[in-house]
Amino acid sequence: MTAPAPRDVLFSFAYASWGTAVARGMCFSEDRMVETLMAHPAVRRLLVAETPRSLPIKLVRDRLAPAPPFPTGERASLYSPLRLRRADPTGIAANERAFARWDTRARRAAARHGLERPAVITTHPLIAGFAPLEWADSVTFYAYDDLAESPPLRHLWPAYEEAYRRIRELGRGVAAVAPAILERIQPSGPSAVVANGVDPDEWAAPGPPPPWFEALPRPRLLYVGSLESRIDVVSLERAARALPDAAFVLVGPLLEPAPFAALRELPNVTLRPSVGREQVVALVAAADACLIPHLRNGLTEAMSPLKLYEYLAGGAPVAALDLPPIRDVSPRVAIRDDLVTAIEAALAIGRAPEEERRRFAAANSWASRQARIVELALGSG
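Residues numbered from 1 in each chain as written. Predicted model: local features only at pLDDT ≥ 70, side-chain atom pairs only at ≥ 80, totals over all residues. Heavy atoms only, no water.

**So, the overall build of the chain**
When helices and strands are tallied, the chain shows 15 helices and 15 strands. For 381 residues, the compact-globule estimate of 2.2 N^0.38 gives 21 Å, and the chain sits close to it at 21 Å. Judged by the C-alpha coordinates and their principal axes, the chain covers about 60 × 50 × 45 Å. Looking at the chain as a whole, 54% of its 381 residues are labelled buried. The contacts of the chain with a sequence gap of at least 6 include a subset with a gap of at least 24, amounting to 71%. About 16,600 Å² of surface is accessible on the chain, with carbon and sulfur atoms providing 54% of the total. Here the chain holds 45 positive side-chain charges and 43 negative ones, and the gap between their average locations is 6 Å. (Helix = DSSP H or I, 4+ residues; strand = E, 2+ residues; numbered from the N terminus. Rg over C-alpha atoms; globule rule 2.2 N^0.38 Å. Buried < 20%, exposed > 50% of the residue type's maximum accessible area, 1.4 Å probe, protein only. Contact = heavy atoms within 4.5 Å. Areas by Shrake-Rupley, 256 points an atom, 1.4 Å probe, with all protein chains shown as cover. Lys, Arg positive; Asp, Glu negative; His and termini not counted. Charge placed at Lys NZ, Arg CZ, Asp CG, Glu CD.)

Spelled out as structure tokens, the structure:
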């Protein structure tokens, strides 16, 4: 059977730019989606649209830290919309106006770059819900989180809820990282659950961990990710006190310092700032077990924890508090209602043999995951 002709695609970030994606190591779902689309044979031309940025802020930031160049070529181009205001409006009518303007400008940008009736894939719920996009062949919302449950975005929750309603009413496609998001949106158009993944090449040959990590006593228990309200700090503190000979290491930006104040005073707890991707790989590869101590709430139930797949790709057993998205992923995930018993179970499981961890990475690659989203968006799935 003859393969369908390649199609044009416009991909839109939610709250990111090409520069921020590169700076964080192209490791998040939407960053990987750009890479997938750039390489996918079903995509003829690709236009990557950044989040609209405030012109005054952009001028300052570009002077202080110029953005890395986008690999523009015959197949891929970058569109960087600007505006005067700093943030999205909160009201429903204001969002209608704002994203009608975005729609008009995006249509013109697509035409300038030679796109014809492109399929639109966006991780921005307000674009997916409020932008008319009548010039697009199809619209697919790639939901990497349920932002209507994100506390820092509480002021936008009503707009997100209305966007979800419009996505459903318009029959737009939805690819979600967890079933809970589809249950929330209840899309009437094509839909699929597509969990997060890993880049097998990135995990093929981990380097040595930094000296400060090697100097810690064993067992070394690692958490990598933002230090914020989704973490069950009480359970972590209890575990650190119950296992005084273990080294608890939390690596990531300290977004909400107050809850972690008592934890960081414990002698067997180390907090470190964010590190580059090579060090993340090296740390996971050297850890005796990795941790997912997330509270159970609407936000965490709608996640596909990227760290879970990275921990397993690095061969580490995982100690986790019970959440639906982490069940049935691997027998090397010890899920308990108590973090101490989860850690003890994970340590008993032990690290995966080399062949097993490589096999896991290959079976859960971003390429295989996100090919399903491309199929959904282009109507071939």
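From this point, things continue past the structure.
**Remarks on a positive patch on the surface**
Where like charges cluster on the molecular surface, the positive patch consists of Arg105, Arg107, Arg108 and Arg112. The topology assignment puts Arg107 in helix H4 (residues 92-112). (Patch = residues over 30% accessible without salt bridge, like charges linked within 9 Å, V, L, I, M, F, W, Y side chains within 5 Å. Salt bridge = Lys/Arg side-chain N within 4 Å of Asp/Glu carboxyl O.)

**A closer look at helix H10 (residues 277-286)**
Every α-helix carries 3.6 residues per turn, so stepping three or four residues along brings you back to the same face. For H10, a buried count of 7 out of 10 residues is recorded, marking the element as mostly surrounded by other parts of the structure. Of the surrounding elements, those touching the buried residues of H10 are helix H8 (211-214), strand S10 (220-224), strand S11 (247-251), strand S13 (289-292) and helix H12 (306-313).

**Structural notes on the packing of aromatic side chains**
Taken as a whole and judged by the stated rule, the model has 5 aromatic pairs. Seen from their ring centres, Phe11 and Phe13 are 5.5 Å apart, and the 80° between their planes marks the pair as edge-to-face. Take Phe11: its relative accessible area is 0%, and that puts it in the buried class. Of note, Arg272 hangs over the ring of Trp212, and the distance from its end group to the ring centre comes to 4.2 Å. (Phe/Tyr/Trp six-rings, centres within 6.5 Å; stacked < 30°, edge-to-face > 60°. Lys NZ or Arg CZ within 6 Å of the ring centre and 35° of its normal.)

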